[in-house]
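An overview of the molecular structure
The lines below spell out each chain.
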Amino acid sequence: MTTGSRFRPGRSTVGRRGFLRIGGGVAALAALPPALTACSDSGGGSGKLRVVGVADQQKPIEELVGLYRKSHPDDTFATSFAPTDQVQTVLRTQLAGGNAPDVHVLYPGSGSAMSMVELAKAGLLADLSDQAWTKEVPANFHPAYQREGKTYLYSAGSSAIGAIYNKKAFAEAGVEPPRTWSELLDVCARLKAKGIIPIALGAQTPWVTQLITYALVPNAVYAKNPGFDAEMASGKAHFRGSGWADAMGKYQELQRRGFFNENPNGTTYEQQTSMVAGGKAAMAVQVSAVLAAFRQATRTPDDLGMFPFPGGDDPAKLWIPAGIVVGLGVSARSRKSAGAKAFIDFLGKQENVDRWAQSVAAIPFKRNASTKIDPVLSGFLPIIDDNRAVPFMDQSWPNAEVQPAHFAAVQNLLAGKTDVDGALGQMDDAYGKKS
């Protein structure tokens, strides 16, 4: 899933714009910083290893580049960061043209033009399979990291989707984080009665549209049918007529009850973040990777918490989404491939995986006694350890058409331009297209 917070281009960051895949266009190209738009032969004449990421990767990449250079003082880097929708548009063009950065942002699984599967199929990624860390990736994560038995993606672990909430807003309404769908509706009603927006929704930012669906689908679909993805792939199941209809119906119910801010389709991710950070809204359904951005937006970071977003009425059987965090790949055409691969190998050391994961509130695929996980994720770990977590849905979709169709379907649903059946029909049509 492409996600991200809204980060500002260049060397300053506010959040992350891209954990979910987002399309771009001419406007996005025009808005890109020179570091991304300039042509270069993977480092050009500067001799520097070029690294391009999305904004939420800035903190861990720059920290780890600094650590790497302590043992490799002669190696120099040129790093650049920008919003996901912008980065993806330019990078795919550069990769095809042979002038991409040496190391670049890469999304797990399939389902996006910048996903591991799509770029590997096109021969645009270097094989990382001979690196030691690849042997530690659990088998159930292989589809996110590998294609045809070869590993192309580096990632620090998984990120959960849940509700980031303002503790003061909850206290003002006298409510606690809900554990069931019924409790959620009650909590939202009580928040609304206090004049607090229950759920901030920044649906103008396309990748944000998918998060509530993703939060509800595990309970509505996979808890009852763990083999749903395989049935979809074989044509035995479709979005229409499946548990997706229940999840979309619940999404629509939240809007019908007035639990979102006014005009979600005219509200951006940054505005969503600001509303929750400032207490104007009580919560936002988001990926844990953007916690840092929400914390930066408030003067009291400890007032923000996170809880699993309940899609059913049995807390003991709650299923949640937990997908592999956006990572990095090495360009197959890099003129500095040896240096690029050496840097990725360094990132794969357990202590560095842990550093990256902690920086973006992720859960490393391998944990030990020294692993530090953000305390706000404590409520997610028992669910993950009980195998009641599923990857972000798009990570198994067969092409790059379904995710934007999902974005558009949700925006149309929120605007009253379609109903649940019509929205899911849009997605079925996109799923059926050949990649």
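Residues numbered from 1 in each chain as written. Predicted model: local features only at pLDDT ≥ 70, side-chain atom pairs only at ≥ 80, totals over all residues. Heavy atoms only, no water.

1. Some details on the overall build of the protein
For the protein, the helix and strand inventory stands at 18 helices and 12 strands. Evaluated residue by residue, the protein yields a buried proportion of 59% over its 435 residues. Within the protein, contacts between residues at least 6 apart in sequence are counted, and of these 76% link residues at least 24 apart. A total accessible area of about 16,400 Å² is found for the protein, and carbon and sulfur atoms account for 49% of it. (Helix = DSSP H or I, 4+ residues; strand = E, 2+ residues; numbered from the N terminus. Buried < 20%, exposed > 50% of the residue type's maximum accessible area, 1.4 Å probe, protein only. Contact = heavy atoms within 4.5 Å. Areas by Shrake-Rupley, 256 points an atom, 1.4 Å probe, with all protein chains shown as cover.)

2. Topic: the sheet that holds strand β11 (residues 327–330)
The strands making up a sheet associate through backbone hydrogen bonding, with each pair oriented either parallel or antiparallel. Spatial ordering of the open sheet is given by β2-β1-β3-β11, a layout of 4 strands whose pairing is mixed. Strand pairing shows two members of the sheet lacking a second neighbour, β2 (77–82) and β11, which therefore form its edges. Ignoring strand direction, the axes of neighbouring strands in this sheet form an average angle of 25°. Note that strand β3 (residues 103–106) and β11 share 4 bridges and pair antiparallel. Paired with V105 across the bridge in β11 is L328. Sitting on the sheet, helix α3 (residues 58–71) touches β1 (49–54), β2 and β11, and the angle it makes with β2 is about 170°. (Pairing = 2+ DSSP bridges. Axes fitted to C-alpha atoms, helices over the stretch in contact; angles between N-to-C directions.)

3. Comments concerning the confidence of the model for the protein
Should pLDDT be low for a region, the predicted coordinates there are not to be read in detail. Averaged over every residue, the pLDDT of the protein is 87; residues scoring 70 or more account for 89%. Predicted confidence for residues 4–45 stays below pLDDT 50, and this span has 176 contacts to residues more than four positions away or in other chains. (pLDDT = per-residue confidence, 0-100.)

4. Observations concerning the pattern of salt bridges
If you walk through the whole model with that rule in mind, you get 10 salt bridges. In this structure, R190 and D186 form a salt bridge, with 3.8 Å as the shortest nitrogen-oxygen distance. Placement of the pair is R190 and D186 together in helix α8 (residues 181–193), with a separation of 4 residues, close to one helical turn. According to the relative accessible area criterion, D186 is partly exposed, its value standing at 40%. (Salt bridge = Lys/Arg side-chain N within 4 Å of Asp/Glu carboxyl O.)

5. Side note on the nonpolar core
Ranked by size, the top nonpolar core spans 91 residues in total, and within it W244 and M283 carry the most contacts. A per-element tally of this core places helix α9 (residues 210–222) first, with 9 residues. (Core = buried A, V, L, I, M, F, W, Y, C linked by side-chain atoms within 4.5 Å.)

6. Brief notes about the packing of aromatic side chains
Evaluation of the coordinates by the stated rule reveals 19 aromatic pairs. Taking the centre distance of 5.3 Å and the plane angle of 75° together, the rings of Y68 and F343 count as edge-to-face. Of this pair, Y68 sits in helix α3 while F343 sits in helix α14 (residues 337–347), and the two are 275 residues apart along the sequence. Grouping residues by exposure puts Y68 and F343 together as buried. Centre to centre, the rings of Y214 and W397 are 6.3 Å apart; their planes meet at 75°, and the pair counts as edge-to-face. Of this pair, Y214 sits in helix α9 while W397 sits in the loop between β12 (389–390) and α17 (402–414), placing them 183 residues apart in sequence. When its relative accessible area of 0% is taken as the criterion, Y214 is described as buried. (Phe/Tyr/Trp six-rings, centres within 6.5 Å; stacked < 30°, edge-to-face > 60°.)

7. Examining the packing of α9 against α17
A pair of packed helices can be characterised by two numbers: the angle between their axes and the separation between those axes. Their axes nearest at 9 Å, the elements α9 and α17 cross at an angle of 100°. One element, α9, and the other, α17, form an angle in the roughly perpendicular class. Two secondary-structure elements touch here, α9 through Q210, T213 and Y214 and α17 through Q403, H406, F407 and V410. Considered class by class, the residues forming the contact of α9 with α17 number 3 nonpolar, 4 polar and no charged. (Parallel < 35°, antiparallel > 145°, perpendicular 65-115°, else oblique. Nonpolar A, V, L, I, M, F, W, Y, C, P; charged D, E, K, R; others polar.)

8. What to know about unusual backbone geometry
In this structure, E148 takes a positive phi of about 50° despite not being glycine. In this structure, E148 sits in the loop between β4 (146–147) and β5 (150–151). Overall, E148 belongs to the exposed group, its relative accessible area being 68%. A positive phi angle, near 60°, is found at N387, a position not held by glycine. Structurally, N387 can be placed in the loop between α16 (381–385) and β12.

9. Looking at the pairing of strand β9 (residues 304–307)
Burial of the side chains of β9 extends over both faces: L304 and M306 are buried on one face and G305 and F307 on the other. Summarising the sheet, strand β6 (residues 158–166) and β9 pair through 4 bridges and their orientation is antiparallel. Of the residues in β9, the one forming a bridge with Y165 is G305.

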